[in-house]
Amino acid sequence: ADGPTEAEIAMFRERVSVYLDTTLSDPEAWARRLSLLDLRGRSLDDLVTMRDQYMAIDARAIRDEVRSAMGSGARYTAIVRPGEGEHEGE
C-alpha cells in the first residue's frame, strides 16, 4: 500500500476527536498545555485550532512526512494496532 487508506484516516480522525473531547474537557489538561506553550514554541491560537489541524491531516501528508523522515528510496511498513484494552469499532 502507498500510505494509509481513507478508512484508516477516518478511524484516525474519529479517535483523535474522541481523545480531544475527553482531554479538552479536563481543566488539568488545559493547565498542562497552557504551561508548556512557551517551552514548545506554541501559541494559544495553536490550542484553539488544534482540532482543525488534526482533522486536516490526510493520507498524502502522512506519506510525505514518513518519506521525508525515512529518506528517499527507503521502504517502510508501519503497523498500527489498538492498544491494550481497546477494541475495534470503539
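Positions within a chain are numbered from 1, following the residues in the order the chain's sequence is written. Restriction of local features to residues with pLDDT of at least 70 applies here, the model being predicted, together with a cutoff of 80 or more for giving and counting side-chain atom pairs; totals for whole chains, interfaces and linings are based on all residues. By convention in this description, side-chain values take in all heavy atoms of the structure and omit both hydrogens and water.

**Q** Please provide a residue-by-residue account of the overall build of the chain, values included.
**A** Along the backbone of the chain there are five helices and zero strands. Across the chain, helices and strands are ordered from the amino to the carboxyl terminus as α-α-α-α-α. A 1.4 Å probe rolled over the protein chains alone gives each residue an accessible area, and that area as a share of the maximum for its type sets the label: buried under 20%, exposed over 50%, partly exposed in between. Buried residues in the chain amount to 11% of all 90 residues. The contacts of the chain with a sequence gap of at least 6 include a subset with a gap of at least 24, amounting to 60%. Residue burial considers only the protein chains on display, and all accessible areas are found by Shrake-Rupley using a 1.4 Å probe. Surface exposure of the chain reaches about 7400 Å², of which carbon and sulfur atoms provide 52%. Counting from the N terminus, the helices are the DSSP runs of H or I reaching at least four residues and the strands are the DSSP runs of E reaching at least two. By definition, residues are in contact when any of their heavy atoms lie within 4.5 Å.

**Q** Break down the confidence of the model for the chain for me, citing the residues and quoting the values.
**A** In low-pLDDT regions, the fine details of the predicted coordinates are not to be read closely. Here the chain averages 82 in pLDDT, while 83% of its residues score no lower than 70. As a per-residue measure, pLDDT reflects the predictor's confidence and takes values from 0 up to 100. Within the chain, helix α1 (residues 6-23) carries the highest mean pLDDT (91), whereas helix α5 (residues 59-70) carries the lowest (84).

**Q** Report on the nonpolar core, specifying residues and quantitative values.
**A** We define the nonpolar core as a collection of buried residues of types Ala, Val, Leu, Ile, Met, Phe, Trp, Tyr and Cys that are connected through side-chain atoms lying within 4.5 Å of one another. Within the largest apolar cluster, five residues are counted, these being V16, L20, L37, L47 and M50. Once residues within four sequence positions are removed from consideration, M50 is found in contact with L20, L24 and R33.

**Q** Mind laying out α1, listing which residues take part and the relevant values?
**A** For an α-helix the count is 3.6 residues per turn, leaving residues at separations of three or four pointing the same way. Helices are assigned an expected span. That span is 1.5 Å times one less than the residue count. Across its 18 residues, α1 extends 25 Å between first and last C-alpha, which sits within 8% of the 26 Å expected from 1.5 Å per residue. Every buried residue belonging to α1 is among I9, V16, L20 and T23, and all of these are buried. Across the axial projection of α1, the buried residues extend over an arc of 65°, all falling on one side. Opposite the buried face of α1, by more than 90 degrees, sit the exposed residues A7 and T22. It is the directions from the helix axis to the C-beta atoms that the arc portrays.

**Q** If you had to explain a negative patch on the surface to someone new, which residues and values would you point to?
**A** In this scheme, patches are assembled from residues that exceed 30% relative accessible area and form no salt bridge. Like charges are connected within 9 Å, while nonpolar side chains (Val, Leu, Ile, Met, Phe, Trp, Tyr) are connected within 5 Å. Salt bridge, as used here: a side-chain nitrogen of Lys or Arg that lies within 4 Å of a carboxyl oxygen of Asp or Glu. A positive count includes Lys and Arg, and a negative count includes Asp and Glu. His and the chain ends are not counted in either. Positions of charges follow a simple convention, taking NZ of Lys, CZ of Arg, CG of Asp or CD of Glu. Together, E6, D58, D64 and E65 give the surface a local cluster of negative charge. Note on placement: D58 falls in the loop between α4 (50-55) and α5. Its relative accessible area of 34% is what places D58 among the partly exposed residues.

**Q** Describe a nonpolar patch on the surface, listing the residues and the values that go with them.
**A** Nonpolar side chains collect at one region of the surface, where L34, L44 and V48 lie side by side and expose about 280 Å² of accessible area between them. Along the chain, L44 turns up in helix α3 (residues 44-48). Accessibility expressed as a relative area gives 47% for L44, which makes it partly exposed.

**Q** Lay out the side chain of T23 in plain terms, naming residues and giving numbers.
**A** By the element assignment, T23 lies in helix α1. Here T23 is in contact with A29 and R33, once residues within four sequence places are set aside.

**Q** Outline α5, listing residues and values.
**A** Over its 12 residues, α5 extends 16 Å from the first C-alpha to the last, a length consistent with the 16 Å expected when each residue adds 1.5 Å. Note on α5: the residue one or two positions beyond its end, G71, has a positive phi of about 90°.

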